[in-house]
Amino acid sequence: MKLKGFSLFMVFLLMLPMYVNANDYETGATNLVNFDEDGVSYVVDGFEGANSEIVEDPTDSSNQVAQFNKMDEAAPWAGTTFGEEPDNTIPAVSFTETDTKMSVRVYSPDEGIEVRLKVEQADDPTRSVETGATTTTADEWETLEFDFSNESEGTEPLNLDYTFNMATIFFDFGNEGTGKTYYFDDLKVIGDGSTTDGDTDGDTNDNSNVFYLIGGDESKALSFEPGSSAEDDTLLESGEKSTYVIDNVSGEYNGSGNTLAHLYLNGLDIALDFVAKASYDFNGDGNWDRTEETTWLPTDGNTESGAYEEFTQEFTQNVSGEEYSDFTNGTIQVEVSLAIGGSDGELKVNAPEEASRIELPYTLSVEDGTSEDPSEPGDVDETPDPTDPSDPVDGDRDWELVWNDEFDGNELDTTKWKYDIGNGFYSGDEWVGGWGNEESQYYSEDNVKVEDGKLIIEAREEAASDEHGSYDYTSGKILTDELFSQAYGKFEANIKLPEGQGFWPAFWMMPQDDVYGTWAASGEIDIMENRGADTGSIGGAIHYGGEWPNNSYSANDYHFPEGQSTTDFNVYGVEWEPGEIRYYVNGELYQTLNEWNTPNGEYPAPFDQEFYMILNLAVGGWYGGEPDETTSFPSQMEVDYVRVYEDMAADYPEPGEPTDPGDGDEEEPGDGDGDGNEPVDPSKDWQEVGDNLIEDGTFETTTEFGDENNSIVWNVFNFGDYETWAGLADFSIVNEELKATIERVGQEWWHMQFMQDVTVPSGIYKIAFDMRSDLDRNVNVELTGTDSGINEFEVGSTMETYEAYIEVESDGDYNLMFGLGKGEDDPELAVPYDLYLDNVRLVEVVEGDENEEEPGDGDGEEPGDGDEEEPVSVEELYQAIEDLEENGEIKKSASKQLTNTLKTADKHYQAGRQKQATKHLEKFISKVDGKQMKSAAEEVKNDMKHSAEQLMEKWS
């Protein structure tokens, strides 16, 4: 059972009565839940002191309804989730600007009872909306109407981009239970709100925006028509993708919303997670214009074949490329694969009902004729002549060959390459085995040779050992580290890859000097990597962001045309320019990346420094799994050439340097022996001036946690999930407190992490939280991505409040992280033991006597005097930002940064601190001019700057 929590700080307001006569109320409504519907099994699940069951109607014994008993002293937010078996969901519902209502028939012993209705996305409870209505009669049925455009006080507003498939009802909301019994029935969506009902999955979609997955014994494809008989496509443990494509698609984007996947999946072992990816070629030119993924989809552990679960999930993860656009003879591709796990899985296809399908925010048609399929990019007639390293010319670019190895000799040229040896590396004093990727091979010089004009790296099944351990496989790895490195240019290699489960060949690049910090703050460019069991595709990626584990990545896959594979020679390359990296296979562009970051440098850092090249053939590891009985040894990776070019027509800037936080006119941070800024003096009279930037710091609404692959409100990371010797904790919510059960202490404080992503404007902040531990210990807390340093706290067995003050020098998206592992000098504590956390806060502060002026005081005229134009209000600026985000002119992250900066300015103004208010308005104006609004029209930006300047003048 999921705990349905609500903020104890919300104001419990009674909504105005909304009564519709049940006998008259039929027009324009779609019934979602009717507890006596033939052929449908329903379930009701009460929580927090609400007991629920399906019973006879108290006024009509022929009718089935749901009974809701709010027991004595039940929680004010006691409620019941209701829906269809087995997962207690309702048919998916999405609302429009004009249709935002649902209705429920209720039977109450009293009038004036507030009834609250909440709908949410089952696999992401943060996507929810709730509203209320009030009973107007007693001891008889009435229909209450719920308008979600009027959300309840203190709850999230309706987001028209979300789709909802779970419903919860609350009676006498806001008051403790007194033992009274209520009844409800007939959940309906009113008007044209879009629904997708599992009972009608087999119907042809009249709106032409649903494509069904066809496969099994038939060719894999997407189709407007569902299949006639359900089959399964096997999703292999190796991660090989099942790919479904439809060509010649034309139609218009609806203007809002995301593509929605309805997938029926089954894991044939426990702990399997799946993922789906959608790719779009809007104009049929053979290039993917947009790619996006779902979050990971975990199965329930029922390993019987055919025991499918339905997953309804939007494609909102790892989005790259353009915004949604109209289709003209375009192509849509869906790929489904196993993301993690130790066995195969099943995907239901061809089903006439309860069918796997995608629902797009479009009105589409499929035209007759042919169009180029991006899954067969380019129809390459032949591989470029490997013997001709002539300088290619590409449009305005003038590529000149500056470095190459054609492997014409009889041995490796050690003036160009060096060998990497072993099975890992040292990180400080700590040995990291498996190269940090759980790889199983030992790299040796003997596995690398040059013959017949080719470099050969051979993987063998043979024993090897060193002081760190014993290994069952050997292979080879070479690199140009300290021999050749370059920033920008064209890097390519002609390579033939081996086939086999467990092989992981790669052609990639790493920074020569780690200018911006350790991995991945200084970046990584993966030109090509491959799972050996999948000969039909390769991947390309970049890694960036903060130092591990606060790193990020962007990636895409290339799929070979029929008749071609990784076991042929193919040319893999990137063209790298300041602010853009383009990925090619055999001259065909398949991915363009231009969004990344590092906390220690200005864009285009970290990809503005010299990188060196690496070629290797790994065995095992997380990417493709371990070898099995089908894997053939020895196997070889063959390289015909490696070539590097410079664009002689380009005038690139010199490779960058890390950002100096002391640059500018402000005082330099104090020098010190520790990391980060000079510590903030906690003895000063700090006063809170801002809102708490932490969402649900009291753990009243949190019911689940995200992880390193799926970030939600609160997220967890356990290094022990990857290494048996590393720290491991179990996280849960108990009595509205976070409970962390420490199961392995680990060897570093960051081995176990509890964290939240947060957008923070520059300023001085107080971190505050309540904590206790069964055993006395130290806990580290850090706002990662800033230079504010690591704060260490001594935590005991009684719940106490802990505080620290930090300085954030620049606006940004950061991460508040609690490190629960064992520090280097900490004692080894007996496990298991529990640690509890509550009331987490991150609030801006200022000194108490700082610029205490009255708002609006001054010697000038009052705003609005004379004939000047009336200054805008801060609310108008908030609305302008919201409109830009809704119209797709700025991203959500940019909207959040702009809003937070404006909110901080407003808080200072309201507290009488004009100097700070003006400073933050100036920052707001600089953001309008900056990359946050780079996609907005100049006229829009000028209007916003003018409005902010007016506001600044008004406040002064």
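Structure shown above.
Since we're looking at a predicted model, the values are computed, not measured.

### Focus: the overall build of the chain
Counting its regular elements, the chain contains four helices and 59 strands. Buried residues in the chain amount to 54% of all 956 residues. Once local pairs closer than 6 in sequence are excluded, the contacts in the chain between residues at least 24 apart make up 75%. Here the chain has roughly 41300 Å² of accessible surface; of this, 40% comes from carbon and sulfur atoms.

### Looking at the sheet that holds strand β41 (residues 524-529)
If you trace the seven strands from one edge of the open sheet to the other, you get β31-β38-β47-β40-β41-β42-β43, paired in antiparallel fashion. The two strands at the open ends of the sheet, each matched to only one other strand, are β31 (418-419) and β43 (551-559). Pairing of β31 with strand β38 (residues 477-479), which is carried by two bridges, proceeds in the antiparallel orientation. Its bridge partner being in β38, Lys418 is matched across the sheet by Leu479.

### Thoughts on the packing of helix α1 (residues 874-886) against helix α4 (residues 938-955)
Packing of α1 against α4 brings their axes to within 10 Å, and their N-to-C directions diverge by 160°. Taken together, α1 and α4 sit at an angle that is classed as roughly antiparallel. α4 is crossed by α1, and the crossing has left-handed handedness. Only Val940, Met944, Ser947, Ala948, Leu951 and Trp955 of α4 make contact with α1, whose side of the interface consists of Val874, Leu877, Ala880, Ile881 and Leu884. For the contact of α1 with α4, the per-class residue count stands at ten nonpolar, one polar and no charged.

### Observations concerning unusual backbone geometry
Most peptide bonds take the trans configuration, and most residues that are not glycine carry a negative phi. Each neighbour pair has its own omega, and for Trp519 with Ala520 the value is 0°, a cis peptide bond. Relative to the assigned elements, Ala520 resides in the loop between β40 (503-511) and β41. Residue Ala605 is joined to Pro606 through a cis peptide bond whose omega torsion reads 10°. Even without glycine at this site, Asn735 takes up a positive phi of about 50°.

### Section: empty space enclosed by the protein
One pass over the structure, following the stated rule, counts one cavity of 30 Å³ or more. The space that makes up the largest cavity amounts to roughly 50 Å³. In terms of lining residues, the largest cavity is bounded by Glu529, Asn530, Arg531, Asp534, Ser537, Ile538, Gly539, Asp557 and Tyr623. Looking at which element gives the most residues to the lining of the largest cavity, the answer is strand β42 (residues 537-545), with three residues.

### Points about the sheet that holds strand β9 (residues 114-121)
A sheet is described by the order of its strands in space; here five strands give the open sequence β3-β6-β12-β9-β10, paired in antiparallel fashion. A single partner strand is all that each edge strand has here, and the edge strands are β3 (42-47) and β10 (124-134). Adjacent strand axes in the sheet meet at a mean angle of 20° when their direction is disregarded. As paired elements, strand β6 (residues 79-84) and strand β12 (residues 166-171) share three bridges and run antiparallel to each other. The residue bridging Phe82 from the neighbouring strand is Ala167, located in β12.

### Comments concerning the nonpolar core
Counting 49 residues, the largest nonpolar core has Leu455, Ile495, Ile525, Trp576, Leu615 and Val642 as its most contacted members. Residue contributions to this core peak at five residues, all from strand β47 (residues 611-619). Those residues within four positions of Val642 in sequence are excluded, and the remaining contacts are Trp403, Asn404, Asp405, Phe407, Trp417, Glu492, Ala493, Phe507, Met613 and Leu615.

### Remarks on α4
For α4, with 18 residues, the first-to-last C-alpha span of 26 Å sits near the 26 Å given by 1.5 Å per residue. Of all the positions in α4, only Lys941, Met944, Lys945, Ser947, Ala948, Gln950, Leu951, Met952 and Trp955 are classed as buried.

### Concerning the packing of aromatic side chains
What the rule picks out here adds up to 55 aromatic pairs. Here the aromatic rings of Phe47 and Phe170 are separated by 6.2 Å at their centres, their planes lie at 80°, and the arrangement is edge-to-face. With Phe47 in strand β3 and Phe170 in strand β12, this pair connects stretches of sequence that are 123 residues apart. Under the relative-accessibility criterion, Phe47 is labelled buried at 2%. Overall, Phe170 belongs to the buried group, its relative accessible area being 0%. Relative to Phe224, the ring of Phe211 lies with its centre 4.6 Å away and its plane at 15°, an arrangement referred to as stacked. A residue pair is termed long-range when its members are at least 10 positions apart, and Phe211 in strand β15 (residues 210-214) and Phe224 in the loop between β16 (221-223) and β17 (231-235) qualify at 13 residues. Ring-pair connections join several aromatic residues into one group, and the members of that group are Phe35, Tyr42, Phe68, Phe82, Phe171, Tyr182 and Phe184. A cation over an aromatic ring shows up here: Arg290 above the ring of Tyr324, its NZ or CZ 4.1 Å from the ring centre. Over the ring of Tyr641 we find Arg643, and its NZ or CZ is 3.5 Å from the ring centre.

### Description of the environment of Gln950
Its location among the elements puts Gln950 in helix α4. Given the relative accessible area of 10%, Gln950 is considered buried. Each C-alpha atom of the pair Gln950 and Ser873 lies 9.0 Å from the other, and the pair is 77 residues apart in sequence.

Cut-off values and rules
Residues numbered from 1 in each chain as written. Predicted model: local features only at pLDDT ≥ 70, side-chain atom pairs only at ≥ 80, totals over all residues. Heavy atoms only, no water. Helix = DSSP H or I, 4+ residues; strand = E, 2+ residues; numbered from the N terminus. Buried < 20%, exposed > 50% of the residue type's maximum accessible area, 1.4 Å probe, protein only. Contact = heavy atoms within 4.5 Å. Areas by Shrake-Rupley, 256 points an atom, 1.4 Å probe, with all protein chains shown as cover. Pairing = 2+ DSSP bridges. Axes fitted to C-alpha atoms, helices over the stretch in contact; angles between N-to-C directions. Parallel < 35°, antiparallel > 145°, perpendicular 65-115°, else oblique. Left-handed = near helix turned anticlockwise from the far one by under 90°. Nonpolar A, V, L, I, M, F, W, Y, C, P; charged D, E, K, R; others polar. 1 Å grid on protein atoms, 1.4 Å probe; cavity = no way out; pocket = protein on both sides within 12 Å on 5 of 7 lines; lining within 4 Å. Points joined across faces, edges and corners; volume = space filled by probe spheres on them. Core = buried A, V, L, I, M, F, W, Y, C linked by side-chain atoms within 4.5 Å. Expected span 1.5 Å × (residues − 1). Phe/Tyr/Trp six-rings, centres within 6.5 Å; stacked < 30°, edge-to-face > 60°. Lys NZ or Arg CZ within 6 Å of the ring centre and 35° of its normal.

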